[in-house]
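Listed below, chain by chain, are the residues.
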Amino acid sequence: MIDVLVVDDDVRVAEINAAYVAKVPGFQVAAVAHSAAEALARIAGTPVDLILLDHYLPDENGLAVVRELRRLGHQTDVIMVTAARDVATVQAAMRHGALQYLVKPFNFAGLRAKLEAYATLRRALDGGGEAEQAEVDRIFGVLSAGSVAPELPKGHSTTTAELVRQVLLAADGPLSAQEIAERAGISRQTAQRYLKLLERTNRVRLSLKYGETGRPEHRYSWTTSG
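Residues numbered from 1 in each chain as written. Predicted model: local features only at pLDDT ≥ 70, side-chain atom pairs only at ≥ 80, totals over all residues. Heavy atoms only, no water.

Quick look at the overall build of the protein chain
- From N to C terminus, the protein chain includes 9 helices and 7 strands.
- With 226 residues in all, the protein chain has 44% of them scored as buried.
- By sequence separation, contacts in the protein chain at least 24 residues apart represent 58% of the contacts at least 6 residues apart.
- Summing over all exposed atoms, the protein chain offers an accessible surface of approximately 12,000 Å²; the carbon and sulfur share of this is 50%. (Helix = DSSP H or I, 4+ residues; strand = E, 2+ residues; numbered from the N terminus. Buried < 20%, exposed > 50% of the residue type's maximum accessible area, 1.4 Å probe, protein only. Contact = heavy atoms within 4.5 Å. Areas by Shrake-Rupley, 256 points an atom, 1.4 Å probe, with all protein chains shown as cover.)

If you want it as structure tokens, here you go:
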């Protein structure tokens, strides 16, 4: 079993996330924490395999928790589970070794996909030894399964494209470019640029919302095939 520490300052959200984890075969909740200090104390007392880590905590942010874990020599795997959508935070999480980044709000299917990808990664690494390039590519590709494909044109960031994807996946219905920009923490111009690209590659579906007057509003949703 993969032991998981769920960290979220909101007690109710932590309970929901813990319930989600318990529903995924092969995973169990070892502990729940509601602050950075509590999370670090839990790790010191009871090591776990994986931390589902919120960024917005009452005493420190999630990235500070990851930095302190690494300073103390803990190599515990981390999946960020947070409402922080700004690209700077996402990039910092990547640099500090977070394996995945799940943007709130999300549903059970969204978290399950991340956990299943993580379990697949662990199985791929269990063999140890040396790996040929094809095996290395497969291991690195495991965690990007289901995310935005990496073959983006020059000048486009996979991180930003993934932010747009997460926003669309979390939405209850089609969104406008302005709504996507606000939820992703990016400019409307940037959102439109990535939406056009994702639409051309059949990952995003464009629909039109007609009002009483004026031009129809463009609305976007993530395609099932994408």
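Things to note about helix H9 (residues 188–200)
- With 13 residues, H9 should reach 18 Å at 1.5 Å per residue; the first-to-last C-alpha distance of 18 Å fits that figure.
- Along H9, the positions that sit buried rather than exposed are Ala191, Tyr194, Leu195, Leu197 and Leu198. For H9, the angular spread of buried residues about the axis comes to 165°, placing them on one side. The exposed set on the far side of H9, more than 90 degrees from its buried face, consists of Gln189, Lys196 and Arg200.
- On the buried face of H9, the contacting elements are helix H7 (158–170), helix H8 (177–184), strand S6 (204–209) and strand S7 (217–222). (Expected span 1.5 Å × (residues − 1). Arc of directions from axis to C-beta.)

Digging into the sheet that holds strand S5 (residues 100–103)
- Within the open sheet, the 5 strands sit side by side as S2-S1-S3-S4-S5. Their pairing is parallel. Edge positions in the sheet fall to strand S2 (27–33) and S5, since each has one partner strand and no second. In this sheet, neighbouring strand axes are inclined to one another by 20° on average, regardless of whether the strands run parallel or antiparallel.
- Where helix H2 (residues 36–45) meets the sheet, its contacts fall on strand S1 (2–7), S2 and strand S3 (50–53), and the angle it forms with S2 comes to roughly 130°.
- Seen against the sheet, helix H3 (residues 62–71) touches S3 and strand S4 (77–82) and runs at an angle of roughly 155° to S3. (Pairing = 2+ DSSP bridges. Axes fitted to C-alpha atoms, helices over the stretch in contact; angles between N-to-C directions.)

A few points about H2
- Turning to H2, its buried residues are Ala36, Ala39 and Ile43. Projected onto a plane normal to the axis of H2, the buried residues spread over an arc of 65° and lie on a single side. Of the exposed residues in H2, the ones pointing more than 90 degrees away from its buried face are Ala44 and Gly45.
- The inward-facing, buried residues of H2 contact S1, S2, S3 and H3.

Let's talk about the pairing of S3
- Of the two faces of S3, the one lined by Leu50 and Leu52 and the one lined by Ile51 and Leu53 are each fully buried.
- Bridge count for S3 against S4 is 4 bridges, and the pairing is parallel. Across the sheet, residue Leu52 finds its bridge partner in S4, namely Ile79.
- Taken together, S3, H3 and S4 form a β-α-β motif whose crossover is right-handed. (Right-handed = clockwise from strand over helix to strand, strands pointing away.)

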